[in-house]
Amino acid sequence: MFLFLLTPVLRFLAQNQGINHRNLDGNSNTISLAGKWAFEVDSLDAGVTEKWYNRPLKDIISLPGSMTTNGKGKDISITTPWTGSIIDSGWFYKPEYKKYRAPGHVKVPFWLQPVKYYKGPAWYQKEILIPAGWAGNTIKLFLERCHWYTDVWIDNKYIGELNSLGTPDIFNLGSVTPGKHRLTIRVDNGVQQVDVGQNSHSISDHTQGNWNGIAGKIVLQALHKTYLEDVQVFSDIRRQSAALKFNIVSGSKSLPLRVACEVYDNEERIVARKNLDLKNDSAVIHAGVDILIGKHVKLWDEFHPNLYRLRVLLSSKGSVVDSREITFGMREFATNNTQFTINGRLTFLRGTLDCAAYPITGYPPTDVAAWSKIFRQCKSFGLNHIRFHSWCPPEAAFTAADQAGLYLQIECSSWANQGATIGDGKPLDKFIYQESERIVKAFGNHPSFCMLLYGNEPDGPKFTQYLTDFVKYWKGKDSRRLYTTGAGWPIIAGADYNSSPDPRIQAWGSGLNSIINAQPPGTDYDWHAIIAKWNHPTVSHEIGQWCVYPDFSEIQKYKGVLQAKNFEIFQDQLQQNGLGQYAKGFLYNSGRLQSLCYKADIEAALRTPGFGGFQLLGLNDFPGQGTALVGVVNPFWETKGYINADEYRQFCNAVVPLARFSKMIWESNEILRISVEVAQFSESVIRKPDLKWRILSSDKKIMFQGTFPGKDVPNGNGIKIAEISQNLSGIMKPCKLTLEVNVAGYKNTWDFFVYPHLETTNLQDILVTQTLDKKAEDVLLHGGKVLWSLKKGSLKKEFGGEVQIGFSSIFWNTAWTGGQAPHTLGIMCDPAHPAFRDFPTQSYSNWQWWDAIVHSNAIELDKVKSGLKPIVRVIDDWVTARSLGLVFEARVGNGQLIVSGIDLVSEIDKRPSSRQLKYSLINYMHGTAFDPKAQISIENLKSITN
C-alpha cells in the first residue's frame, strides 16, 4: 500500500507513541474531532493515485463510529466478501435455505448479520483549525481504535501509516501552522499486507465484524517541543517501591530538565514524592528513578483492588512543559511450582473468554462504565480472570479491570491458523512483535494486565521455535506479567505457564467417547495425571463449550448494527416443524443440562491438586462459527432464566466445597461414602470454620446431617476435609437426594439418586420385548399391553438412527464441528406424568438419565405419526429442530403399546437407574392412567427398525 511514499523521516514521525495518559477531554491543549466528517468509499482503491486527500470528499459520516453504524456499505448478499471461515457452506446451495438467499431478504445462519457490509479502503476528511497558541508545538493525532490500516495526510502532506489492531494509532503531525487545514484519513479493513488469520477476533465477522471506521476518542493534542514520550511503572512489593522509567523527547538540548513525581493513594493522600534532575544532552532521553511507597503500601488483587495515582511533571527552567497521570497497582503476579500466586499467596484462575462480541456497535466499547458492567457480571459468577481471545481491548477495559480486581490475559490480535501461519518469515511474524510492543507500551502500567501471549492456536512450519523466542524475548524485557506461547499450544519449558486443551471433560473430536458421555457419572476424577509432567502452572484451554437452545425472545434485543438473523432462521425451522410452542421449554431444559455440564467441568479443575486454573468458553454466548450458544448469559451479558449467579457461584468461586462421589446412582443396600474437599483461594487462611453437611430430599426435608471437626483451611485445592459415611438402608422409595456441604458459609450442592435394591417388577399381563415379532403382534391384536424396548442401534437411519444422542448437550455446535456428536440437548418431560411415579425426575436431564440416554435411540416422531407427543422428548439441534422422542405410547389395533427408544432389557440388573425407569413404566402400564390416544398401525411401527 504505497509504501514508496514513506521516507525514513516520515516513518519515524508516524511511529505509534503509546497512549498519552493526559486529559484528552476538553482542555486548551486538545481538540476533539468527534462529529461530522466528509467521507467517501474507495471500492476501486483509486484514492491514493487520484490524490483524494487533495480534494473534498463527497459524502458525510459521523465519527466516532463505523461505516456500519452510519448505515453505509452494501446490502448483504450471497457474494458478500466475509472475513471468516464458513465450515458448513450449505447455506449457499441447499434448497431449505433458498428463501434466505433471496435479494432483500437475506439471512445467514453462521453469525450475527450486519445491516451493511464493506471491505476495503474508505476515506474520512475534516477541516481542522489549529489555534494560534499552538504555534511551534508538536501536534499529535490520537485515534483510539481504527479498523484497520490507517494513513493520514495534512493538506497534501503525507504523515504516515499505522496498522495496530489493539492500541490507539497516534500520529506525530510535527509542527502545524495555525489556521485551517484539511485532515484526511484513509482506513482500509482489507486483509492484505498482514494476514493475522481470518478468524482472529480482532477482525473476524464471527464476532465484532470486520468493520471500517474509527471508534473511541479522536483528538488533536498540542505538546511542547520537549515532552514525556513514555512513562512505565514497575512495582516491587518486597521493596515497597516502584521503579519509574521515562522516555523524554527533547526539543532543546541546552535547557536543563526536572522530573517531579508524586504518588497518591485511593484517598488522594500523597504517599511519596521524588524529583529527578536530568542532563538535556540528546534528542531522546532515557531516565529512571525509584520511588518508595513505604511500609503501609496497599497491595492490589481481586479482593482489594487498591490503586495508586502517579503524577509526573516535566519542567524546564522552572516551567512545566508536560505532565502525565498514571494509575498503577502494587502487585506481583507470579508462579509457585504448578500454581499462580498473587502477592505471594496462591490463587486459581477462574476465567472466561471475551471474543469481542458487541452486537449494538460491532466494535468494543471504549468507555469505562460499559466495561465495568460486564466485569461486575463476570465477578458475580465467581470469575476473577478474563482471556481476550486473539484481540486486545481498549484502555477502558483495563481501567475497569483495575477497579474490579480482574486478572487479564491479553493476546496480540492474531489467530494464525486456518490459512494463516507464523514462524515462516511472513509479515505476520514481524507484526506480532510490533503489536506486542505497542500493547505493553500502551497498557503495561495497568495491574490487571497480568498475562501476555501471541494469540490463539497457532499453525505454521516453525511456530514452536518462533513462539519460544517470543516468550524468551518478553521474559527478558518486562517482568510485570507472565508469558506463554499461544492459547492451546505449544507447551514449552521456557514459558511461565501452559495453556492446554487436555484437562477438560469433553475434548474436540471426542464426541460420545468423552468422560461425560462414556463414563458413568461421578465426581472422583481430576487432572493430576495430565499436569504431573509439567513444572509450571497449567490453565485448561476453552473448557466447556456446552450449548443451550436459542432464546428467541433475544431477537428483539439486537437493535444495533448486528442482527440475529440466524435466530430467525432457527425459529422458522422450529415453527415449520410444529414445535414452536416448546421454544421456552427447550431453552430452560437444555439450559439446566448445560449448567450441569459446566459444573462438572469446573469442579474437575478445582479438584485437581496444584492446578493453575481454567478459561471457559464461555460465560457468554459466541455468536459466530455457526452460532455457538455456549453461554449462561447472552452476548449482552444478561442471564437467560435457567441459572443465576448465586447458583453458579456455588461451584465457581474463591472458596468452593467439593465432594468426590464414586457414582451418582446408589441403591438402598449400600453405604454412601463421599470424600469432602475444598478449593480455598480466598484472601487468607480460613480459621477453624464451621464445617457441616446435610442430605435433603426433593421437598427440602433433612434426611441426614452432620458436622466435621473444625480445622484451619489454608489456601490451595485438594484440601481434605473429611469423609461422609451414611447407611442408605432406611430409604424405602426411589428418590432424588441433594448433598449440601457448607464450609465457612460457602455452600455447594450435588444431586444424586437412590433406588430400592432389586425392585421386583410385576410383568403380569405385560409383554416386554426388543422386537415387534409375531408374539408381540398377537398380544396387541388381542387387546394386550406391550413394552417395546429398542436395542441401541436398531433404529433405521430415516427414523432417527442417524441422530447421535449423548448425555451432554451439544459441544460448540454441529455446523462448525462437522456434525460432532452429540447432536442433542437433553430431554424434556413432565415430572408429574404418572409414568414417572416411581422414577423421580425433573423436566430436564439429570444424572439419573445418563444410563438410559447412552443406551438409547432418538426416534424421529413425525416419521412414525405426525404430531405424535412423547412421554420423554429429546431436544434436537436447533438447526434441524426435529421432533425427537425416547418414550411414547400408542394404541395399536386393540392393544396398548409403549415404545422405548431406551434399551431397558440388556444387562438391566447392572443398570439400576434404567431398571428403575423400566419398573416405573411397567407400573404405569398396569394403572388406569395408561390410556394411549394416538392410533398407529403395526406395519408403520415395524418399519422403523432394521
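Residues numbered from 1 in each chain as written. Predicted model: local features only at pLDDT ≥ 70, side-chain atom pairs only at ≥ 80, totals over all residues. Heavy atoms only, no water.

Topic: the overall build of the chain
Now for step 1: What the chain contains, in helices and strands, is 15 helices and 46 strands.
Now for step 2: Relative to a compact globule of 946 residues, whose C-alpha radius of gyration would be 30 Å, the chain shows 32 Å and is just as compact.
Now for step 3: Oriented by its inertia axes, the alpha-carbon framework of the chain measures out at about 110 × 70 × 45 Å.
Now for step 4: Considering only residue pairs separated by 6 or more positions, the chain has 74% of its internal contacts joining residues 24 or more positions apart.
Now for step 5: For the chain, the distance from the average position of its 101 positive side-chain charges to the average position of its 91 negative side-chain charges is 3 Å. (Helix = DSSP H or I, 4+ residues; strand = E, 2+ residues; numbered from the N terminus. Rg over C-alpha atoms; globule rule 2.2 N^0.38 Å. Contact = heavy atoms within 4.5 Å. Lys, Arg positive; Asp, Glu negative; His and termini not counted. Charge placed at Lys NZ, Arg CZ, Asp CG, Glu CD.)

Some words on the domain arrangement of the chain
Now for step 1: According to the domain assignment, the chain consists of domain 1 (30–222), domain 2 (225–329), domain 3 (335–628), domain 4 (655–755) and domain 5 (766–943).
Now for step 2: Taking the mean C-alpha position of each, domain 3 and domain 5 sit 38 Å from one another.
Now for step 3: Between domain 3 and domain 5, the residue contacts involve 45 residues of the former and 38 residues of the latter.
Now for step 4: In terms of surface lost to domain 5, no three residues of domain 3 exceed Asn589, Leu593 and Gln625, which account for 17% of the buried area on that side.
Now for step 5: Taken together, the connections running from domain 3 to domain 5 amount to zero salt bridges.
Now for step 6: On inspection of domain 3 and its partner domain 5, the count reaches 16 residue pairs in polar contact (both at pLDDT 80 or more).
Now for step 7: Elements that contribute at least two residues to the side of domain 3 that touches domain 5 include exactly helix 6 (515–518), helix 8 (565–576) and helix 9 (583–607).
Now for step 8: The biggest single contributor to the side of domain 3 that touches domain 5 is helix 9, with ten residues.
Now for step 9: Here the side of domain 3 that touches domain 5 is built from residues that sort into 24 nonpolar, 19 polar and two charged. (Domains from an automatic or database assignment. Buried area = accessible area lost by both parts, 1.4 Å probe. Salt bridge = Lys/Arg side-chain N within 4 Å of Asp/Glu carboxyl O. Polar contact = N/O pair within 3.5 Å; in protein donor to acceptor, adjacent residues only side chain to side chain. Nonpolar A, V, L, I, M, F, W, Y, C, P; charged D, E, K, R; others polar.)

Notes on the sheet that holds strand 13 (residues 227–236)
Now for step 1: With antiparallel pairing, three strands are arranged side by side in an open sheet as 13-14-17. Unpaired on one side and paired on the other, strand 13 and strand 17 (284–292) mark the two borders of the sheet. The mean inter-strand angle of the sheet, taken between neighbouring strand axes irrespective of direction, is 15°.
Now for step 2: The pairing of strand 13 with strand 14 (residues 241–249) spans nine bridges and is classified as antiparallel. From the neighbouring strand, Ser235 faces strand 14, where its bridge partner is Ala242. (Pairing = 2+ DSSP bridges. Axes fitted to C-alpha atoms, helices over the stretch in contact; angles between N-to-C directions.)

Some details on the packing of aromatic side chains
Now for step 1: As enumerated under the stated definition, the model contains 55 aromatic pairs in all.
Now for step 2: Considering the side-chain rings of Trp91 and Phe92, the 4.9 Å spacing of their centres and the 85° angle between planes classify their relative orientation as edge-to-face.
Now for step 3: Phe92 gets classed as partly exposed once you look at its relative accessible area, which sits at 33%.
Now for step 4: Aromatic side chains Tyr433 and Phe470 sit 5.5 Å apart centroid to centroid with 75° between the ring planes, which places their arrangement in the edge-to-face category. Of this pair, Tyr433 sits in helix 4 (residues 427–443) while Phe470 sits in helix 5 (residues 463–477), placing them 37 residues apart in sequence.
Now for step 5: On the basis of relative accessible area, Phe470 is assigned to the buried category, the value being 1%.
Now for step 6: A network of ring pairs unites the aromatic residues Trp82, Trp91, Phe92, Phe110, Trp111 and Tyr117 as a single cluster.
Now for step 7: Its guanidinium or amino end placed over the ring of Phe234, Arg480 lies 4.1 Å from that ring's centre, counting from NZ or CZ.
Now for step 8: Directly above the ring of Phe449 sits Arg481, whose terminal nitrogen or CZ lies 4.1 Å from the centroid. (Phe/Tyr/Trp six-rings, centres within 6.5 Å; stacked < 30°, edge-to-face > 60°. Buried < 20%, exposed > 50% of the residue type's maximum accessible area, 1.4 Å probe, protein only. Lys NZ or Arg CZ within 6 Å of the ring centre and 35° of its normal.)

Notes on helix 3 (residues 395–404)
Now for step 1: Among the ten residues in helix 3, seven count as buried, and that is most of the element.
Now for step 2: Those residues of helix 3 that are buried lie in contact with strand 7 (138–147), helix 2 (368–380), strand 25 (407–414), helix 4 and strand 26 (449–455).

Overview of the UniProt feature "domain: Glycosyl hydrolases family 2 sugar binding" (unreviewed entry) in the chain
Now for step 1: According to UniProt, the positions carrying the feature "domain: Glycosyl hydrolases family 2 sugar binding" (unreviewed entry) are residues 32–219.
Now for step 2: Spanning residues 32–219, this segment combines 0% helix with 38% strand, and its end C-alpha atoms are found 5 Å apart. (UniProt positions renumbered as here; feature names shortened; annotations may be inferred.)

So, the pattern of salt bridges
As a working rule, side chains carrying opposite charge can pair if their charged atoms are close by.
Now for step 1: What the rule picks out here adds up to 53 salt bridges.
Now for step 2: Notably, a salt bridge pairs Asp59 with Lys72, separated by 2.9 Å at the nearest N-O pair. Here Lys72 lies in the loop between strand 4 (65–66) and strand 5 (113–114) and Asp59 lies in strand 3 (residues 59–63), a separation of 13 residues in the sequence.
Now for step 3: For Lys72, a relative accessible area of 15% puts it in the buried group.
Now for step 4: Salt bridges here are not isolated pairs; linked through shared partners, they connect Asp45, Asp151, Arg186 and Asp188.

Some thoughts on the sheet that holds strand 9 (residues 157–162)
Now for step 1: The sheet built from six strands is open, its strands ordered 3-2-6-11-8-9 with antiparallel pairing. Each edge of the open sheet is held by one strand with a lone partner, namely strand 3 and strand 9. With strand direction ignored, the average angle separating the axes of adjacent strands in the sheet is 30°.
Now for step 2: Direction of pairing for strand 2 (residues 35–41) relative to strand 6 (residues 121–130): antiparallel, over a ladder of four bridges.

Quick notes on the nonpolar core
Now for step 1: Counting 196 residues, the largest nonpolar core has Trp371, Phe375, Tyr648, Phe661, Leu739, Phe752 and Trp849 as its most contacted members.
Now for step 2: The element that contributes the greatest number of residues to this core is helix 9, accounting for twelve residues.
Now for step 3: Not counting residues up to four positions away in its chain, the partners in contact with Trp371 are Asp354, Tyr358, Pro364, Pro365, Thr366, Phe388, Trp391, Pro393, Pro394, Ala396, Ala397 and Ala400.
Now for step 4: With 30 residues, the next largest nonpolar core counts Ala122, Leu162, Ile185 and Ile214 among its residues. (Core = buried A, V, L, I, M, F, W, Y, C linked by side-chain atoms within 4.5 Å.)

Brief notes about the packing of helix 2 against helix 3
Now for step 1: It is at 8 Å that the axes of helix 2 and helix 3 come closest, and there the two elements cross at 45°. Our classification of the angle between helix 2 and helix 3 gives oblique. The way helix 2 lies across helix 3 gives a crossing that is right-handed. Each of Val368, Trp371, Ser372, Phe375 and Lys379 in helix 2 lies in contact with helix 3, whose residues at this interface are Ala396, Ala397, Thr399, Ala400, Ala401, Gln403 and Ala404. (Parallel < 35°, antiparallel > 145°, perpendicular 65-115°, else oblique. Left-handed = near helix turned anticlockwise from the far one by under 90°.)

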